[in-house]
Amino acid sequence: HVLLTFDGTKHAVVTTNEQRSRRVNTMLCSISRRSAAYRGPQLQPGMSDVHALAQSGNLGPLCQLLDLEPSVLDAPDGTPFGQGNRPLHYAAYEGHSGVVEELIARGCDVNARNELGATPLFFAAQQERDAVVELLLASSADPSFGETTHGFLPVDVATGGCKTQLLAAGPG
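Residues numbered from 1 in each chain as written. Predicted model: local features only at pLDDT ≥ 70, side-chain atom pairs only at ≥ 80, totals over all residues. Heavy atoms only, no water.

A. View of the packing of helix 2 (residues 49-56) against helix 3 (residues 59-68). Two elements in contact, helix 2 and helix 3, have axes whose closest approach is 9 Å; the angle formed by their N-to-C orientations is 155°. In terms of orientation, helix 2 and helix 3 fall into the roughly antiparallel class. The element helix 2 and its partner helix 3 pack so that their crossing is left-handed. The segment helix 2 lies against helix 3, with Asp49, Val50, Leu53 and Ala54 engaging Pro61, Leu62, Leu65 and Leu66. For the contact of helix 2 with helix 3, the per-class residue count stands at seven nonpolar, no polar and one charged. (Axes fitted to C-alpha atoms, helices over the stretch in contact; angles between N-to-C directions. Helix = DSSP H or I, 4+ residues; strand = E, 2+ residues; numbered from the N terminus. Parallel < 35°, antiparallel > 145°, perpendicular 65-115°, else oblique. Left-handed = near helix turned anticlockwise from the far one by under 90°. Contact = heavy atoms within 4.5 Å. Nonpolar A, V, L, I, M, F, W, Y, C, P; charged D, E, K, R; others polar.)

B. Structural view of unusual backbone geometry. We note that glutamate 128 has phi near 60°; this positive angle belongs to a residue other than glycine. With a phi close to 75°, serine 140 is a non-glycine residue in the positive phi region. Examined against the element boundaries, serine 140 turns out to sit in the loop between helix 7 (130-138) and helix 8 (154-157).

C. Focus on the nonpolar core. Among the nonpolar cores identified, the biggest contains 30 residues, and Leu103 and Leu136 are the most heavily contacted of them. Elements represented by at least two residues in this core include exactly helix 2, helix 3, helix 4 (87-94), helix 5 (97-105), helix 6 (120-126), helix 7 and helix 9 (160-169). (Core = buried A, V, L, I, M, F, W, Y, C linked by side-chain atoms within 4.5 Å. Buried < 20%, exposed > 50% of the residue type's maximum accessible area, 1.4 Å probe, protein only.)

D. Highlighting the packing of aromatic side chains. Under the criterion given, the structure shown has two aromatic pairs. Between tyrosine 93 and phenylalanine 123 the ring centres are 5.8 Å apart and the planes differ by 85°, which places this aromatic pair in the edge-to-face class. Remark: phenylalanine 123 occurs in helix 6 and tyrosine 93 occurs in helix 4; sequence separation between them is 30 residues. (Phe/Tyr/Trp six-rings, centres within 6.5 Å; stacked < 30°, edge-to-face > 60°.)

E. How the structure looks around the environment of arginine 86. For arginine 86, the location among the structural elements is in the loop between helix 3 and helix 4. In sequence terms arginine 86 and histidine 51 are 35 residues apart; their C-alpha atoms lie 7.0 Å from each other. What arginine 86 contacts, discounting residues up to four positions off in sequence, is His51, Asp74, Ala75, Pro76, Ala112, Arg113 and Asn114. Of the polar contacts made by the side chain of arginine 86, one reaches the backbone oxygen of glycine 84; its length is 2.9 Å. Among the polar contacts listed, one links the side chain of arginine 86 to the backbone oxygen of arginine 113, at a separation of 3.2 Å. (Polar contact = N/O pair within 3.5 Å; in protein donor to acceptor, adjacent residues only side chain to side chain.)

F. Representation of the packing of helix 7 against helix 9. Look at helix 7 against helix 9: their axes get within 9 Å of each other, and the N-to-C directions meet at 15°. Overall, the two elements helix 7 and helix 9 adopt an arrangement that is roughly parallel. Handedness of the crossing formed by helix 7 with helix 9: right-handed. Across the interface between the two elements, Asp130, Val133, Glu134 and Leu137 from helix 7 touch Gly161, Cys162, Gln165, Leu166 and Ala169 from helix 9. Tallied by class, residues from the contact of helix 7 with helix 9 come to five nonpolar, two polar and two charged.

Laid out in structure tokens, this is it:
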């Protein structure tokens with residue numbers, strides 16, 4: 001069996017989650033260092049496959065992983081700085097519309113809150129990801145769910161087209 005194809009290379013299926021996480025993180029870190037276009041938080045050591053793939057926008061390998069392990073669709077990130085973010089949080093933050101669409105199609109919770117109360121919609125609005133905000137709102141994301149640290153709503157941190165979409169959506 002072959003799983004996780006990155007930039008044309010094929011990798012054998014590994015048997016344990018720890019081995020798989022180590023291999024995926026090594027490959028993704030290598031990809032991120034080579035890509036001048038890569039932005040966003042660095043991949044954390046120990047970050048699980050599903051979170052790393054959602055954050056990096058690697059749709060093909062993400063789909064392969066979700067086909068093999070559907071239970072990780074809404075798994076919270078338990079790493080020290082993961083703050084309980086779900087794969088959808090990472091994809092929304094980075095603006096990976098294709099990944100967001102796939103996660104929603106597979107039934108993820110569009111209103112999942114992390115440890116700070118932030119939702120994927122909050123992250124997408126904060127990062128000015130217009131297409132992702134549109135997808136999330138069309139999938140019943142609730143714009144009235146704000147983060148709990150300061151009480152900000154997605155509309156409070158949005159600008160431009162994101163703010164316009166959130167104002168049109170109303171309070172939830």
